[in-house]
Each structure stands twice: as structure tokens, then as C-alpha cells.
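Working through the structure, step by step
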Amino acid sequence: MDGIPLIMKYTLPAEELYKPFWEGLKRGEILGTRCKKCGTLYFPPQKDCPKCMASDMEWMDIGKVGEVMTYSIVLQKPQGFENFSDYTIGIVRTEKGIDLMCWVIGTPKVGAKVFLTSDGQRVLCKVRS
Ligand SMILES: [Zn+2]
């Protein structure tokens, strides 16, 4: 059976603006931005606060631990991932209330506690054993 070609590409505008995010990933930190005016934390990072319209944002760790809300084991890989072994993608809610999609390392189940880290390029969630 032929697979259906899919192309998924993130284009983050103004690379300089997101430099702290990419540098954070290299250190194993997942950074979002927090509005200094109303305190709302955003991931992916936002330049402006959609809630209060302020533009005074600071970089902040979105949390080191989280909980698996749901997950999916990928058997039929999309374009660019054909050579990977089967892998698991999860939706994790961090201790700071941020929901994000990540690559799950280990055997997940809904409600499992995970540590958030990075391999320098991707957000990884390691299931606590
Ligand atoms: Zn705000």
C-alpha cells in the first residue's frame, strides 16, 4: 500500500525573535513567553499577549514535569520520518498548565508523569519509571 505524502513544516517568523527558544532546546529547556503585564504564559512563544494586548514579554521555562493527557503510537510515518522506528506522540500538560505536543520516550499511559527535556531539536517527554 502506498502512503499518502504529507508535508508538515513549521515556519517561525523572524528567526532572531525565537533565538532564545532554539538555544533553550539545546540546553534541554522548553521555553515559552510570559506576559509581564497579566502573567499569562504562552507556548509556542508569542511576541505579543493576545489576552491583554501588551508587548512586554519575558522568556520562561514552561515546566520540567507534566502529565500525559493522551497519546498516539505512530506506525504509518509521515514524509521525512519513514526511517524512524515506531514512535509515540503525546499531548502533555505541564505543571505550569501548558498543553503541548511532544515526542514520548518510554511506555506512556494516560495520567503518567513525564519529565520534559529536549535533544536539541525536539521536545521530549520521558515517562517516569
Ligand atoms: Zn497579557
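For the structure itself, look to the data block above.
Residues numbered from 1 in each chain as written. Predicted model: local features only at pLDDT ≥ 70, side-chain atom pairs only at ≥ 80, totals over all residues. Heavy atoms only, no water.

This next bit is on unusual backbone geometry. The omega torsion across Phe43 and Pro44 is 0°, close enough to zero to call that bond cis. Along the chain, Pro44 turns up in the loop between β2 (41-42) and β3 (57-61). With a phi angle near 70°, Met53 is a residue other than glycine that sits in the positive phi range. Locating Met53 in the fold gives a position in the loop between β2 and β3. Judged by its relative accessible area of 67%, Met53 is exposed. (Helix = DSSP H or I, 4+ residues; strand = E, 2+ residues; numbered from the N terminus. Buried < 20%, exposed > 50% of the residue type's maximum accessible area, 1.4 Å probe, protein only.)

Here we take up the sheet that holds strand β1 (residues 31-35). One open sheet accounts for three strands, arranged β2-β1-β3; its pairing is antiparallel. At either margin of the open sheet sits one strand with a lone partner, and together these are β2 and β3. (Pairing = 2+ DSSP bridges.)

A few words on the pattern of salt bridges. Scanning the model with the defined rule gives eight salt bridges in all. Lys113 is paired through a salt bridge with Glu67; the nearest N and O atoms lie 3.3 Å apart. Placement of the pair is Lys113 in strand β7 (residues 113-118) and Glu67 in strand β4 (residues 65-74), with a sequence separation of 46 residues. Given a relative accessible area of 43%, Lys113 falls into the partly exposed group. (Salt bridge = Lys/Arg side-chain N within 4 Å of Asp/Glu carboxyl O.)

In total, this model carries eight aromatic pairs according to the counting rule given. With a centroid separation of 5.1 Å and 70° between ring planes, the pair formed by Phe21 and Trp22 is classed as edge-to-face. Seen in terms of ring centroids, Tyr87 and Trp103 are 4.3 Å apart; in terms of plane orientation they differ by 10°. Their pairing is stacked. Taken together, the positions of Tyr87 in strand β5 (residues 87-94) and Trp103 in strand β6 (residues 99-105) put the pair 16 residues apart, joining distant regions of the chain. Classification of Trp103 as buried rests on a relative accessible area of 11%. Each member of the aromatic cluster is reached from another via a ring pair, and the members are Phe81, Phe84, Tyr87 and Trp103. (Phe/Tyr/Trp six-rings, centres within 6.5 Å; stacked < 30°, edge-to-face > 60°.)

Once that is clear, we can look at the coordination of the zinc ion. The zinc ion binds to the protein through Cys35 (SG), Cys38 (SG), Cys49 (SG) and Cys52 (SG), with metal-donor distances spanning 2.3 Å. The sequence motif formed by the donor residues of the zinc ion is C-x2-C-x10-C-x2-C. Judged by its relative accessible area of 1%, Cys49 falls in the buried class. You can call Cys52 partly exposed: its relative accessible area is 23%. (Donors = N, O, S within 2.8 Å, 3.2 Å for Na, K, Ca; no water.)

The values are spatial; any link to function lies outside them.
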